[in-house]
Amino acid sequence: MRVIRILSLSGLAFVIALVSLDMAHSQETAASLLKQGFGAIESGRLVLAREKLKDVLKVDPGNYQALVILGQLEMIDLAGPDRAKRMLDSERYFLSACVAQPQRPEADLGLAQLCYDTGYFMKGDRYARTAQAVDPGSYEAFCLIGQRLLDSGNYTGALDLYSRGLKHYGFDAYFTERRYLAAARGGLDPQWIVIIPSGGEGNFVLQLPRYPDFYLLREYRSLAGSTPDAGRHYALPMFTFKHCPREVVPPSPYRDLYEAYLRASVDDPRLYRRLRSELDRLRTEARKVVAKVEGKEEKGKALYNWLKTKMLKKYDVKEGLLAQDLLEKKRYASLNASILYTLLARELGLPVEGVIGYGHAFSEMAYGKREIRIELIAEPRFGVAEKEGFDIGWWDQFKILSRPAASGGLRDSARYRLMGRISPRKLTAYQFLNAHAYNLGKIAEQFKEEVDYKKTLEEMIVKNNREAATRLAALESRYQREPKKRASLMERTKQRFAAENRKLQREIEKIDYKLERERTKYLQKKGVDLIKKARSLAPHVEEFVERQEQANVIMAEADVRPAVDALKGRRTTRRLLEKKLSEELTDRELEKRLSGRQSAFVDDIQERIDAIESEIRAIQAQGTRSWTAERAEWLKAVDRLTKALKELPCSDKIRKRLESFCWTAARLAERYGDTETVDA
């Protein structure tokens, strides 16, 4: 018995040793496959990455990293045709990861982001809270929940969350910037001194301007000291945040800010020389005026009074946007005047900066511990005397700021976001947006008659819809006892009004197309160049980046507009023919049952069916013939967005639009048998 027992224990030990060796081999294989999957992701080969990570799960079904990354990969293209399957697969991977390691937050964060992307916000909030409960110190959880609070308008909650994040992490550039943003958007008055909890006994204090993008700027990086990766952009959800390289910013072509101020408005060299001569004369005269006064505050006030008396004659938000409007016509808008005052004041040694608000700009001078607000549009019609715009009180400034907004303010396309106090260089960069808005306004004025006619057409559509509803209600009431007649009359009424609305809608589309074509020509010729020049002066202003994104997307959509319209026209015609064909096939089957297969009526119906099928084949052949020209339009748009993405590599908007265009062009090429384009 003793011998048998010993032999049994030896056999068991041998089996355990074999299993242990097999498990070690499996772990080694899984690690190797996981490494290959990561390499495929880094090189952009997502299909290969999916295969490698699925192989990891075959070896190790509970591998947490493979499950979470597969869930993230399935989230990449939720806009495709297999959206539902991808969403379910992504959720399945994340839930499996939660079961495998419930003590880690990444899978819950992935589920939260999936719910947010697909519109299940309350469910996403629950997963996000679970992730933070699992790991209260999760940096990604702080970022995701904070962004959700900002997006939903809960600025107080976001402010509290980012404050707790700063207590946990000490000084963090991203949390500090988000905390400031939450305060600004929530209507709070952000402190001039940002007190950043350091996690220790003392606090780290940093002097910042209002509403900063300071963590991207060189001077604030030096102030922040050992800020961890201050220029980083963040994307969720990931184990570690993806680093996005800074955009390719063209070098500034301007020697000084006066030149930039004039070049934003002027292309003609002769006009530039004339305006530059006038501007230099004003600079000389301003130095003489201020030289007679002692003290910074008095100098700033003297400059203000002189400028209001000498140059700022008429406030005009339509014809006062450009430099020549101010220098030659004495008409001005808030930004135009604020740039001139700020540049002159800085040249005279005064500590003046610009302040950007919603559709408004003014200047501000630091004087001791207080800020002197300089309102260049202070006039009697705004409730403040013309000479009282210097060191203006808060209530008077509120009245001035509210009146331009109520009376139209700047043009809609020139409404800036709230930036706060900014440097003269950044303030001058906004003049390019003023010129851009002025040019777009001129295009709109050229099409004023068409725009008014479009409004009339839209009103006619609304009127038709109301009349159709009234007619249908009357028919419903009148023919209650005659359901067949009622259904026939109601169908004819719907078709008649729908046909009228389609005709009106086609007229509206023609007007939109003309206006879009002119705007696209302007963007290609001048608009994008103005935005790029603004970025060359102030590279890290997100508004300039967004304007450039928007312009490139508009031009790309204009490139494919003819192809899209042709495709829609063929699709609409084909659907109508297919509907008619279905009706004829039904009639043929009924007629066969009633009259027999050799009836003359059956032959007539068959002739109509053959004619309709011939038209459908003709439409398909037309699409094949037109594809050569349409392919060139799609590829032109793809090429445009590809170049734009090289300049703006962090742009999710351009990337998603490019993916959409590529996907659509590839599917169309497959339909028409163009394998060359599909492979490309």
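This text follows the structure it describes.
The structure displayed is predicted, hence computed values, not measured ones. (Residues numbered from 1 in each chain as written. Predicted model: local features only at pLDDT ≥ 70, side-chain atom pairs only at ≥ 80, totals over all residues. Heavy atoms only, no water.)

A.B. asks: Which residues make up the overall build of the protein chain, and what values go with them?
C.D. replies: A tally of helices and strands in the protein chain yields 23 helices and eight strands. The burial tally for the protein chain puts 44% of its 680 residues in the buried class. (Helix = DSSP H or I, 4+ residues; strand = E, 2+ residues; numbered from the N terminus. Buried < 20%, exposed > 50% of the residue type's maximum accessible area, 1.4 Å probe, protein only.)

A.B. asks: Hey, could you go over the side chain of serine 334 for me, with residue numbers and the actual values?
C.D. replies: Turning to its location among the elements, serine 334 is positioned in helix α15 (residues 334-347). Of note is the side chain of serine 334, whose polar atom sits 3.3 Å from the backbone nitrogen of alanine 361. Apart from residues no more than four positions distant in its own chain, serine 334 is found in contact with Tyr315, Gly359, His360, Ala361 and Ile377. (Polar contact = N/O pair within 3.5 Å; in protein donor to acceptor, adjacent residues only side chain to side chain. Contact = heavy atoms within 4.5 Å.)

A.B. asks: Provide a residue-level description of a positive patch on the surface, including the pertinent values.
C.D. replies: A cluster of basic side chains, namely Lys568, Arg571, Arg575 and Arg671, defines a positive patch on the protein surface. Here the element with the most residues in the positive patch is helix α20 (residues 542-595); it accounts for three residues. Position of arginine 671 among the secondary structure elements: in helix α22 (residues 652-671). Residue classification places arginine 671 among the exposed residues on the basis of a relative accessible area of 53%. (Patch = residues over 30% accessible without salt bridge, like charges linked within 9 Å, V, L, I, M, F, W, Y side chains within 5 Å. Areas by Shrake-Rupley, 256 points an atom, 1.4 Å probe, with all protein chains shown as cover. Salt bridge = Lys/Arg side-chain N within 4 Å of Asp/Glu carboxyl O. Lys, Arg positive; Asp, Glu negative; His and termini not counted. Charge placed at Lys NZ, Arg CZ, Asp CG, Glu CD.)

A.B. asks: How would you sum up the environment of glutamate 278? Please name residues and give values.
C.D. replies: Relative to the assigned elements, glutamate 278 resides in helix α12 (residues 269-291). The spatial distance from the C-alpha of glutamate 278 to the C-alpha of leucine 327 is 7.2 Å, given a sequence separation of 49 residues. One polar contact links glutamate 278 to arginine 281, side chain to side chain, over a distance of 2.6 Å.

A.B. asks: Quick rundown of the environment of lysine 54? Include the residues and the values.
C.D. replies: Positionally, lysine 54 belongs in helix α2 (residues 46-59). Judged by its relative accessible area of 38%, lysine 54 is partly exposed. Ignoring any residue separated from it by four or fewer positions in sequence, one finds lysine 54 in contact with Leu70 and Tyr93.

A.B. asks: Pulling in residues and values, what's your account of the nonpolar core?
C.D. replies: By size, the foremost hydrophobic cluster in this structure holds 73 residues, and its most contacted members are Leu307, Leu326 and Tyr341. Per-element tally for this core: the top contributor is helix α17 (residues 424-446), with nine residues. Judged by nonpolar contacts, the second largest core, of 46 residues, contains Leu33, Leu73, Phe94 and Leu161. (Core = buried A, V, L, I, M, F, W, Y, C linked by side-chain atoms within 4.5 Å.)

A.B. asks: Quick rundown of the pattern of salt bridges? Include the residues and the values.
C.D. replies: Inspection of every chain in the model, using the stated rule, returns 40 salt bridges. Among the ionic pairs, arginine 50 bridges to glutamate 74, the shortest N-O distance being 3.4 Å. Placement of arginine 50 in helix α2 and of glutamate 74 in helix α3 (residues 64-74) is noted, with a sequence separation of 24 residues between them. A relative accessible area of 15% means that arginine 50 is categorised as buried. Between lysine 533 and aspartate 529 there is a salt bridge, with its nearest N and O atoms 3.2 Å apart. Here the residue lysine 533 and the residue aspartate 529 both occupy positions in helix α19 (residues 483-537), the gap between them amounting to four residues, near one helical turn. Judged by relative accessible area, lysine 533 falls into the partly exposed class, the value being 24%. In this structure aspartate 529 comes out as partly exposed when scored by relative accessible area, which is 37%. One network of salt bridges, with partners in common, ties together Asp256, Arg276, Asp280, Arg283, Arg287 and Glu347.

A.B. asks: How would you summarise the pairing of strand β6 (residues 360-367) if you had to cite specific residues and measurements?
C.D. replies: For β6, the tally of buried residues reaches six of eight residues, placing the bulk of the element in the interior. Where β6 lies against strand β7 (residues 370-374), five bridges are found, and the strand directions are antiparallel. Considered in β7, the bridge of tyrosine 367 is made with arginine 370. (Pairing = 2+ DSSP bridges.)

A.B. asks: Mind laying out the packing of aromatic side chains, listing which residues take part and the relevant values?
C.D. replies: Overall, the coordinates contain four aromatic pairs when judged by the stated rule. Taking the centre distance of 5.0 Å and the plane angle of 55° together, the rings of tyrosine 430 and phenylalanine 544 count as tilted. In this pair, tyrosine 430 sits in helix α17 while phenylalanine 544 sits in helix α20, placing the two residues 114 residues apart along the sequence. The residues tyrosine 430 and phenylalanine 544 share a single accessibility class, namely buried. Geometry around tyrosine 93 places arginine 92 over its ring, the cationic atom sitting 4.7 Å from the centre. Its end group placed over the ring of phenylalanine 497, arginine 496 keeps NZ or CZ at 4.6 Å from the ring centre. (Phe/Tyr/Trp six-rings, centres within 6.5 Å; stacked < 30°, edge-to-face > 60°. Lys NZ or Arg CZ within 6 Å of the ring centre and 35° of its normal.)

A.B. asks: So what's going on with the packing of α2 against α3? Which residues, and what values?
C.D. replies: Contact pair α2 / α3: the axes reach a minimum separation of 10 Å and the direction vectors enclose 150°. Overall, the two elements α2 and α3 adopt an arrangement that is roughly antiparallel. By crossing handedness, the relation of α2 to α3 is classed as left-handed. Within the contact between the two elements, α2 uses Leu46, Ala49, Arg50, Leu53, Lys54, Val56 and Leu57 and α3 uses Ala66, Leu67, Ile69, Leu70, Leu73 and Glu74. (Axes fitted to C-alpha atoms, helices over the stretch in contact; angles between N-to-C directions. Parallel < 35°, antiparallel > 145°, perpendicular 65-115°, else oblique. Left-handed = near helix turned anticlockwise from the far one by under 90°.)

A.B. asks: So, helix α5 (residues 106-118): which residues are in play, and what are the values?
C.D. replies: With 13 residues, α5 should cover 18 Å at 1.5 Å per step; its first-to-last C-alpha distance of 18 Å lies within 8% of that length. The buried count for α5 comes to twelve of 13 residues, which makes it a mostly enclosed element. Listed in full, the buried residues belonging to α5 are Glu106, Ala107, Asp108, Leu109, Gly110, Leu111, Ala112, Gln113, Leu114, Cys115, Tyr116 and Thr118. (Expected span 1.5 Å × (residues − 1).)

A.B. asks: Could you give an account of unusual backbone geometry, with specific residues and numbers?
C.D. replies: The residue lysine 330 is not glycine, and still its phi comes out positive at about 60°. In this fold, lysine 330 is placed in the loop between α14 (323-329) and β4 (331-332). Among the residues examined, lysine 330 registers a relative accessible area of 22% and is labelled partly exposed.

A.B. asks: Lay out the packing of α5 against helix α7 (residues 139-151) with the relevant residues and their values.
C.D. replies: As a packed pair, α5 and α7 sit with axes 11 Å apart at the nearest point and diverge in direction by 20°. Taken together, the axes of α5 and α7 lie roughly parallel to each other. Along this stretch, α5 crosses α7, giving a crossing that reads as left-handed. In this structure, α5 uses Leu109, Ala112, Gln113 and Tyr116 to contact α7, whose residues at the interface are Glu140, Ala141, Leu144 and Arg148. When grouped by side-chain class, the residues that make up the contact of α5 with α7 number five nonpolar, one polar and two charged. (Nonpolar A, V, L, I, M, F, W, Y, C, P; charged D, E, K, R; others polar.)

A.B. asks: Run through a negative patch on the surface, naming residues and quoting values.
C.D. replies: On the surface, a cluster of negative charge is made up of Asp603, Asp604, Glu607, Asp610 and Glu613. Considering the arrangement of structural elements, one finds aspartate 604 in helix α21 (residues 600-647). Assessed through its relative accessible area of 38%, aspartate 604 is described here as partly exposed.

A.B. asks: Explain α3 to me, and be specific about the residues and the numbers.
C.D. replies: Since the α-helix packs 3.6 residues into each turn, any two residues three or four apart lie on the same face. Most of α3 sits out of view: ten of its eleven residues are buried. Of the positions making up α3, those classed as buried are Tyr64, Ala66, Leu67, Val68, Ile69, Leu70, Gly71, Gln72, Leu73 and Glu74.

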